[in-house]
Amino acid sequence: MSFEIKLSDGINGFSDPFYSDYLESVRALRADLIAAFELLNIESKKPRETARQLGLDKSLAWKITRIIHEEDASKVAGAIPGTSGMRQVTHSLMERELPKRMADSITQAYEGYLEMTRVHSSNKNSYELMLDGMKVHDEDVRRKSRQYAFRGNCGIWGIQSDVRVSAHVLTINRDDPSLLNYAGFGGLTGFQRLRPGQPWPIFQFLGYEDSGEPLRSDMVPIGDDPSPDFPLIINEFCKGSLPELQLWSNGSTVNYEFGDGLIGKTGKCDVFLGYIDMQPKPRYKDRKNQYGELMCLIDTPIETLMFDLIVERELAERIHPESLIYGRANGPNQRNDVRSLKNLVPFKESLKLLEPGANMLMTPLIPSYNKLGERVIGKLGRDMSEFVCWRLMLDYPIMPSTVSIRFELEDADNSGQK
């Protein structure tokens, strides 16, 4: 499932003075136009006929009929004409013998709308963004805003990448079914520098309890011939000329960074990392943990995020994962407190349950990805047929943010476990 904001009263649930003033002014103008068209028996459902009856330009007629028939108040502003256009409308209505008092009411309502825009916004650009904020169910608006942010971040930081994949595998521990085994792997494809720059973080590995205390881990490389200096790099799945690598750890996190490298297409590369955690994780709720939560830090401008939770079937029948996005505008902290509900970002993309089978992870975005998944699951001593996968696809994910797939841990009392 996906997270959606629950709101009350106002336009689509908004109750800020701007939204109530906007709604009042738009409704007043719309009501006066509806009354005028009804009195004069003017066709409002067909813009061409409206244009003919009133002698208006077709585009202006379309705007007026859109105001009358648009049920979503947040979209009405885009149809309200400029001052000269509105003057033409009232003039044409009066020529059709609209009473002056009704024409004056339309003019007053229009001027009230303009005054509302002057009170609440300083310029056209900010006003349009405020209107976009009302469209909580319009994913095209959000996607467009994220795309603009992606382009801006590419220009600001001189970095871009095509796809970020973040995959997390969970199995029930065979020796102790009250524990879970975990493996994580992921990659960046089409990573390139657009200009020389500072070292750039590409992956960060960390774990913690719900309380924020570090979660113990013991990472074993997935690659067949791991580098002693950069053991988590899966060399056989990397492509292109990788920039120089840098690795550092502060005890609770392990960080991989790209140093300097070639600029543009000649420096474009794909990089994959992964590990199996030999330290089992709790399967059931306890005093420290209520949720299992897998996260992907978005610290690079990327076009597409593919986020997979790959789970053994027996476990999959008992959990109900959801997807969340935590904004990180309040600071760089990436530990437990990033999960505050006040940081949640609205979005509509939902988790999709992939059809189980040998080619479950196959995707045209990364042709070798299914083979990599087979490698990881094989290292766990399992077969792909034993798993299901929940996948989140997100275009132009917000930077910086933390994308999460989480689920409530099982209750040991209801599991049949002693």
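The rules behind these values
- Residues numbered from 1 in each chain as written.
- Predicted model: local features only at pLDDT ≥ 70, side-chain atom pairs only at ≥ 80, totals over all residues.
- Heavy atoms only, no water.
- Helix = DSSP H or I, 4+ residues; strand = E, 2+ residues; numbered from the N terminus.
- Buried < 20%, exposed > 50% of the residue type's maximum accessible area, 1.4 Å probe, protein only.
- Areas by Shrake-Rupley, 256 points an atom, 1.4 Å probe, with all protein chains shown as cover.
- Core = buried A, V, L, I, M, F, W, Y, C linked by side-chain atoms within 4.5 Å.
- Contact = heavy atoms within 4.5 Å.
- Pairing = 2+ DSSP bridges.
- Axes fitted to C-alpha atoms, helices over the stretch in contact; angles between N-to-C directions.
- Salt bridge = Lys/Arg side-chain N within 4 Å of Asp/Glu carboxyl O.
- Phe/Tyr/Trp six-rings, centres within 6.5 Å; stacked < 30°, edge-to-face > 60°.
- pLDDT = per-residue confidence, 0-100.
- Parallel < 35°, antiparallel > 145°, perpendicular 65-115°, else oblique.
- Nonpolar A, V, L, I, M, F, W, Y, C, P; charged D, E, K, R; others polar.

### Considering the overall build of the chain
Step number 1: The number of helices and strands found in the chain is 9 helices and 14 strands.
Step number 2: The 418 residues of the chain split such that 50% are buried.
Step number 3: When the accessible surface of the chain is totalled, it reaches about 20,900 Å², and 49% of it is carbon and sulfur.

### Some remarks on the nonpolar core
Step number 1: Residues Ile202, Tyr256 and Val271 are the most contacted members of the largest nonpolar core, which totals 47 residues.
Step number 2: With 5 residues, the top contributor of residues to this core is strand β10 (residues 302-312).
Step number 3: If near-sequence neighbours (up to four positions away) are discounted, Val271 is found in contact with Gly186, Gly187, Leu188, Ile202, Phe203, Ile233, Cys238, Leu242 and Phe258.
Step number 4: In terms of nonpolar packing, the next biggest core, distinct from the first, is built from 35 residues, Phe18, Ile64, Ile67 and Val76 among them.

### Side note on the sheet that holds strand β11 (residues 322-327)
For sheets, the rule is that strands pair by backbone hydrogen bonds, running either parallel or antiparallel.
Step number 1: Spatially, β9-β14-β11 is the arrangement adopted by the 3 strands of the open sheet, whose pairing is antiparallel. Where the open sheet ends on each side, the last strands, each with one partner, are β9 (291-298) and β11. Strand after strand, the sheet turns through a mean of 25° between neighbouring axes, direction not considered.

### Regarding unusual backbone geometry
Step number 1: Following Met399, the chain continues into Pro400 via a peptide bond in cis, with omega recorded as 0°.
Step number 2: By the element assignment, Pro400 lies in the loop between β13 (387-395) and β14 (401-408).
Step number 3: Unlike most non-glycine residues, Tyr396 shows phi in positive territory, near 50°.
Step number 4: Within the secondary structure layout, Tyr396 lies in the loop between β13 and β14.

### Brief notes about the pattern of salt bridges
Step number 1: Taken as a whole and assessed by the stated rule, the structure comprises 16 salt bridges.
Step number 2: When the shortest N-O distance is used, the salt bridge between Glu408 and Lys285 registers 2.4 Å. Within this pair, whereas Glu408 is found in strand β14, its partner Lys285 is found in the loop between β8 (269-282) and β9, the two being separated by 123 residues in sequence.
Step number 3: Take Lys285: its relative accessible area is 24%, and that puts it in the partly exposed class.
Step number 4: Between Glu410 and Arg318 there is a salt bridge, with its nearest N and O atoms 3.7 Å apart. Here Glu410, found in the segment after β14, pairs with Arg318, found in the loop between α8 (313-316) and β11; they are 92 residues apart in sequence, far enough to count as distant.
Step number 5: What makes Glu410 buried here is its relative accessible area of 8%.

### Things to note about the packing of aromatic side chains
Step number 1: Enumeration according to the criterion identifies 9 aromatic pairs in this entry.
Step number 2: Look at Phe150 and Tyr396: their rings are 5.3 Å apart centre to centre, the planes differ by 45°, and that puts the pair in the tilted class. Placement of Phe150 in helix α7 (residues 139-157) and of Tyr396 in the loop between β13 and β14 is noted, with a sequence separation of 246 residues between them. For the residue pair Phe150 and Tyr396, the accessibility class agrees, reading buried in each case.
Step number 3: Considering the side-chain rings of Tyr182 and Tyr275, the 6.1 Å spacing of their centres and the 65° angle between planes classify their relative orientation as edge-to-face. Here Tyr182, found in strand β2 (residues 179-193), pairs with Tyr275, found in strand β8; they are 93 residues apart in sequence, far enough to count as distant.
Step number 4: Three or more aromatic residues joined by ring pairs form one cluster here, namely Phe18, Tyr19, Tyr22 and Tyr127.

### Re the confidence of the model for the chain
Step number 1: Scored by pLDDT, the chain comes out at a mean of 85, with 87% of its residues at no less than 70.
Step number 2: With pLDDT under 50 throughout, residues 1-14 is counted as low confidence; its partners more than four residues away or in other chains account for 40 contacts.

### Side note on the packing of helix α1 (residues 17-40) against helix α3 (residues 58-69)
Step number 1: Axis separation between α1 and α3 bottoms out at 9 Å; the angle between their running directions is 105°. Accordingly, the angle class assigned to the pair α1 and α3 is roughly perpendicular. From α1, Arg30, Leu33, Ile34 and Phe37 reach across to α3, where they touch Ile64, Ile67, Ile68 and His69.
Step number 2: Looking at the contact of α1 with α3, its residues break down into 6 nonpolar, 1 polar and 1 charged.

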